[in-house]
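The primary structure of each chain is shown beneath.
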Amino acid sequence: MVNRLLIIFFFAVVFTTQSGFSQTKEPLLIAKDSLQAKRADVLAPSKAAFYSAVVPGLGQIYNKKYWKVPIVYVGLGAGIYFYADNNKKYHRFRDEYKKRLNGTNDPQDPYFSRLDNNGLINGQRFYQRNRDLSAFITAAIYILNVVDANVDAHLMQFNVNDNLSIRPDLYQNEINYKQNLSLTLNYNF
């Protein structure tokens, strides 16, 4: 039993040291790659999203998609404008309704003279709903700005070249000699 353990131990030590010394640390032949791979910045999507969250449109500038910046600011500006306009009209209807309840309203005001109390309440609800919808849409445009910058930065890292492409192909059918249109998927090595 002891002899067997000594033999197993001996072979284990011999083969372990043999395989350890047989490997070299540096390769003998170094092949140079003629194509240099561009290193992708893995932090680019998070940077773009952060920049867009801090200043709307800055993530699009970071991604070099300058044409999207006016779209972001027009969307945010329109949302803020409609929020402010609906809020102002909501307060006008609410203040007029409060004046009517107190009895201090001006009956000569042409804007509210044709409305009764139910009309004022309906106007308040209408403009309050539009104000809240404008705030929601403005927040959605802001979030979409951040998501767009993040997704755009992710898509910049994809390899888009002619090695993999889908192209339309027009060919003549050999049986009935009609033109056929198809899509071909090409992959070049």
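The structure under discussion appears in the preceding block.
Described below are features of the structure shown in this document. (Residues numbered from 1 in each chain as written. Predicted model: local features only at pLDDT ≥ 70, side-chain atom pairs only at ≥ 80, totals over all residues. Heavy atoms only, no water.)

**Observations regarding the pattern of salt bridges**
Thinking step 1. Inspection of the entire model under this criterion finds six salt bridges.
Thinking step 2. Two residues, arginine 94 and aspartate 95, come together in a salt bridge whose shortest N-O distance is 3.8 Å.
Thinking step 3. We classify arginine 94 as partly exposed; its relative accessible area is 25%.
Thinking step 4. For aspartate 95, a relative accessible area of 35% translates into the label partly exposed.
Thinking step 5. Of the charged contacts, one joins arginine 100 and glutamate 96 as a salt bridge, the two residues approaching to 3.7 Å between their closest N and O atoms. Of this pair, arginine 100 and glutamate 96 both sit in helix α4 (residues 68-102), four residues apart, roughly one helical turn.
Thinking step 6. A single network of salt bridges, built from pairs that share partners, joins Lys68, Asp148 and Asp152. (Salt bridge = Lys/Arg side-chain N within 4 Å of Asp/Glu carboxyl O. Buried < 20%, exposed > 50% of the residue type's maximum accessible area, 1.4 Å probe, protein only. Helix = DSSP H or I, 4+ residues; strand = E, 2+ residues; numbered from the N terminus.)

**Let's talk about the nonpolar core**
Thinking step 1. By size, the foremost hydrophobic cluster in this structure holds five residues: Tyr90, Phe93, Phe112, Leu120 and Tyr127.
Thinking step 2. Excluding residues within four positions of it along the chain, tyrosine 127 makes contact with Asn86, Lys89, Tyr90, Phe93 and Tyr111. (Core = buried A, V, L, I, M, F, W, Y, C linked by side-chain atoms within 4.5 Å. Contact = heavy atoms within 4.5 Å.)

**Comments concerning unusual backbone geometry**
Thinking step 1. In this structure, lysine 64 is a non-glycine residue whose phi angle is positive, near 60°.
Thinking step 2. By relative accessible area, lysine 64 is classed as exposed at 59%.

**Here we look at the packing of helix α2 (residues 44-54) against helix α5 (residues 117-155)**
Thinking step 1. Where α2 meets α5, the closest approach of the two axes is 8 Å, and the angle between their N-to-C directions is 160°. Viewed along their axes, α2 and α5 adopt a mutual orientation that is roughly antiparallel. Crossing of α2 against α5: the hand is right-handed. Contact residues: α2 offers Ala44, Pro45, Ala48, Ala49, Ser52, Ala53 and Val54, while α5 offers Tyr142, Asn145, Val146, Ala149, Asn150, Ala153 and His154.
Thinking step 2. Its residues assigned to classes, the contact of α2 with α5 comprises 10 nonpolar, four polar and no charged. (Axes fitted to C-alpha atoms, helices over the stretch in contact; angles between N-to-C directions. Parallel < 35°, antiparallel > 145°, perpendicular 65-115°, else oblique. Left-handed = near helix turned anticlockwise from the far one by under 90°. Nonpolar A, V, L, I, M, F, W, Y, C, P; charged D, E, K, R; others polar.)

**Notes on a nonpolar patch on the surface**
Thinking step 1. Together, Phe50, Val54, Val55, Leu58, Ile61, Tyr66 and Tyr73 line one region of the surface with nonpolar side chains, adding up to about 660 Å² of accessible area.
Thinking step 2. At the level of secondary structure, the elements contributing two or more residues to the nonpolar patch comprise α2 and α3 (58-62).
Thinking step 3. Mapped onto the elements of the fold, phenylalanine 50 is located in helix α2.
Thinking step 4. By relative accessible area, phenylalanine 50 is classed as exposed at 52%. (Patch = residues over 30% accessible without salt bridge, like charges linked within 9 Å, V, L, I, M, F, W, Y side chains within 5 Å. Areas by Shrake-Rupley, 256 points an atom, 1.4 Å probe, with all protein chains shown as cover.)

**Description of the packing of aromatic side chains**
Thinking step 1. In this structure the tally under the stated criterion is six aromatic pairs.
Thinking step 2. Here the aromatic rings of phenylalanine 50 and tyrosine 51 are separated by 6.2 Å at their centres, their planes lie at 55°, and the arrangement is tilted.
Thinking step 3. An angle of 80° between the planes, with centres 5.2 Å apart, marks the rings of tyrosine 51 and tyrosine 62 as edge-to-face. Highlighted residues: tyrosine 51 in helix α2 and tyrosine 62 in helix α3, separated in sequence by 11 residues.
Thinking step 4. Grouped by ring-pair contacts, the aromatic residues Phe93, Phe112, Phe126 and Tyr127 constitute a single cluster. (Phe/Tyr/Trp six-rings, centres within 6.5 Å; stacked < 30°, edge-to-face > 60°.)

**Examining the environment of valine 69**
Thinking step 1. Checked against the element boundaries, valine 69 lands in helix α4.
Thinking step 2. According to the relative accessible area criterion, valine 69 is buried, its value standing at 15%.
Thinking step 3. Valine 69 sits 10 residues away from glycine 59 along the chain, and the two C-alpha atoms are 9.1 Å apart.
Thinking step 4. In this structure, valine 69 is in contact with Gly57, Gln60 and Ile61, ignoring residues within four places of it in sequence.

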